[in-house]
Amino acid sequence: MPIWLQAGLWGWLAGGALLIGATTGYFLKVPSRFIAAIMAFGSGVLISALSFELMDKAYKQGGFNATALGFVTGAIIYTLANRTLARYGAKHRKRSGQQQAKEAQTAANGGAAIAVGALLDGIPESIVIGLSMLGGSKVSLVAVIAIFLSNIPEGMSSAAGMKKAGRSKLYIFAIWGGITLISGVAAITGYGVFNVFSNEVIAATMAVAAGAILAMIADTMIPEAFENAHDWTGLITVLGFLTAFMLTKLGG
């Protein structure tokens, strides 16, 4: 099987967790505190993965300058894009409570903004999967597992919030189904587009993705987790970090 297709399949697998989470959040009455706990755990998993699977590899491959520049650039790009989307009704796109419902009443283009915001959150993660396979390498299973685990609560939380905001079933599942498909395409892009670039460019790109992911965690995932898990958020996040750290060492 061609490596680019393998990258796409891994991307679709990780992105499919969004659809699993959305289905669970829409059809089952999952307690908000439980969703928050999984969100905190997923945050820890992602933080560990971007530390040991992205930043460390980017540094070894491209050096400090390319890594630092890419990391900060990714965070800036995500933050600016996120602020813009927040003005159009996507500020609370990961919230499972009534925040989306209140936002929907005042934002005429909130639905489109939520869709774009979900893409903004998911594409950097998927590109990372493709980048991990450059040079004929095997996929980073730690990165796939980390993204999969973090995508489930993201889909659950957002779909539950969308339902409370009055979004239709077709709208909700069209968004998450579409993003699942795009996740595979983004993973293929991560492998196919950057396969011809230098180590420094690849390292910078990995760092850009890491910066965007960390900014996303701080801006959207941790607030949702703390909203309901409160004082337990830190401990659960640490457990998620430790789980991914152990996977990294076992995989290495």
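Predicted model only: the values in this text are computed from it and were never measured. (Residues numbered from 1 in each chain as written. Predicted model: local features only at pLDDT ≥ 70, side-chain atom pairs only at ≥ 80, totals over all residues. Heavy atoms only, no water.)

This part is about the overall build of the protein chain. Within the protein chain, the secondary structure is distributed over eight helices and zero strands. The order of α-helices and β-strands along the protein chain, N terminus first, is α-α-α-α-α-α-α-α. Counting every position in the protein chain, which comprises 252 residues, the buried fraction comes to 51%. Roughly 11,300 Å² of accessible area belongs to the protein chain as shown, and the carbon and sulfur atoms make up 69% of that amount. (Helix = DSSP H or I, 4+ residues; strand = E, 2+ residues; numbered from the N terminus. Buried < 20%, exposed > 50% of the residue type's maximum accessible area, 1.4 Å probe, protein only. Areas by Shrake-Rupley, 256 points an atom, 1.4 Å probe, with all protein chains shown as cover.)

We now examine helix H7 (residues 199-229). Where H7 bends most, the angle comes to about 40 degrees, and this point is Ile-217. A positive phi of about 55 degrees marks His-230, the residue just after H7. (Bend = angle between axes of the 7 residues up to and from the residue.)

For the rest of this paragraph, the subject is the UniProt feature "transmembrane region" (unreviewed entry) in the protein chain. Here the UniProt-annotated "transmembrane region" (unreviewed entry) positions come out as residues 7-28, 34-52, 64-81, 127-149, 170-194, 200-217 and 229-247. The distance from the first to the last C-alpha atom of residues 170-194 is 35 Å, and the span holds 92% helix and 0% strand. (UniProt positions renumbered as here; feature names shortened; annotations may be inferred.)

Another point: the packing of helix H5 (residues 141-164) against helix H6 (residues 169-192). Interaxial distance between H5 and H6 falls to 10 Å at its minimum, and their mutual angle equals 155 degrees. Viewed along their axes, H5 and H6 adopt a mutual orientation that is roughly antiparallel. As H5 packs across H6, the resulting crossing turns out to be right-handed. Listed contacts from H6 to Glu-154, Ser-158, Ala-159, Met-162 and Lys-163 of H5 are Tyr-171, Ile-172, Ile-175 and Trp-176. Looking at the contact of H5 with H6 residue by residue, the classes come out as six nonpolar, one polar and two charged. (Axes fitted to C-alpha atoms, helices over the stretch in contact; angles between N-to-C directions. Parallel < 35°, antiparallel > 145°, perpendicular 65-115°, else oblique. Left-handed = near helix turned anticlockwise from the far one by under 90°. Contact = heavy atoms within 4.5 Å. Nonpolar A, V, L, I, M, F, W, Y, C, P; charged D, E, K, R; others polar.)

It is the rolling of a water-molecule-sized probe over the atoms that shows where space remains empty. As enumerated under the stated definition, the model contains three cavities of 30 Å³ or more in all. Roughly 70 Å³ of volume is contained in the largest cavity. Contributing elements (two or more residues each) for the lining of the largest cavity: helix H2 (32-90), helix H4 (110-131) and H5. Take the lining of the largest cavity: its biggest share by element is four residues, from H2. Residue composition of the lining of the largest cavity, grouped by class: nine nonpolar, no polar and one charged. Considered as a void within the structure, the second largest cavity measures approximately 40 Å³ in volume. Around the second largest cavity sit Glu-53, Leu-54, Lys-57, Val-128, Leu-131, Ser-132, Ser-140, Ala-143 and Met-206, which together line it. (1 Å grid on protein atoms, 1.4 Å probe; cavity = no way out; pocket = protein on both sides within 12 Å on 5 of 7 lines; lining within 4 Å. Points joined across faces, edges and corners; volume = space filled by probe spheres on them.)

With that settled, the discussion passes to the pattern of salt bridges. This model, assessed by the stated rule, comprises two salt bridges. Across the pair Glu-53 and Lys-57 runs a salt bridge, and its minimum N-O distance is 3.2 Å. Taken together, the residues span about one helical turn, with Glu-53 and Lys-57 both in helix H2 at a distance of four residues. Judged by relative accessible area, which is 9%, Glu-53 ranks as buried. Its relative accessible area of 36% is what places Lys-57 among the partly exposed residues. Put simply, Lys-60 and Asp-56 hold a salt bridge, and the shortest N to O gap is 3.2 Å. Of this pair, Lys-60 and Asp-56 are both found in helix H2, four residues apart, which corresponds to roughly one turn of the helix. (Salt bridge = Lys/Arg side-chain N within 4 Å of Asp/Glu carboxyl O.)

Taken together, Lys-29, Lys-163, Lys-164 and Lys-169 make up a surface patch of like positive charges. With respect to the element layout, Lys-164 can be found in helix H5. (Patch = residues over 30% accessible without salt bridge, like charges linked within 9 Å, V, L, I, M, F, W, Y side chains within 5 Å. Lys, Arg positive; Asp, Glu negative; His and termini not counted. Charge placed at Lys NZ, Arg CZ, Asp CG, Glu CD.)

The subject of this paragraph is the nonpolar core. One finds Leu-46, Leu-54, Ile-129 and Ile-213 to be the most contacted residues of the largest nonpolar core, which totals 40 residues. Secondary-structure elements contributing two or more residues to this core are helix H1 (3-27), H2, H4, H5, H6, H7 and helix H8 (233-251). By residue number, the principal contributor to this core is H7, which donates 12 residues. When near neighbours in sequence (up to four residues on either side) are disregarded, Ile-129 contacts Ala-7, Trp-10, Gly-11, Ala-14, Val-139, Val-144, Ile-147 and Ala-187. If you look at the next biggest cluster of nonpolar residues, it comprises 10 residues, including Ala-22, Tyr-26, Ala-159 and Phe-173. (Core = buried A, V, L, I, M, F, W, Y, C linked by side-chain atoms within 4.5 Å.)

In this structure, Ser-150 sits in helix H5. Taking the C-alpha atoms as reference, Ser-150 lies 4.1 Å from Gly-42; in sequence the two are 108 residues apart. Every residue in contact with Ser-150, bar those within four places of it in the chain, is listed here: Gly-42, Leu-46, Glu-125 and Met-221.

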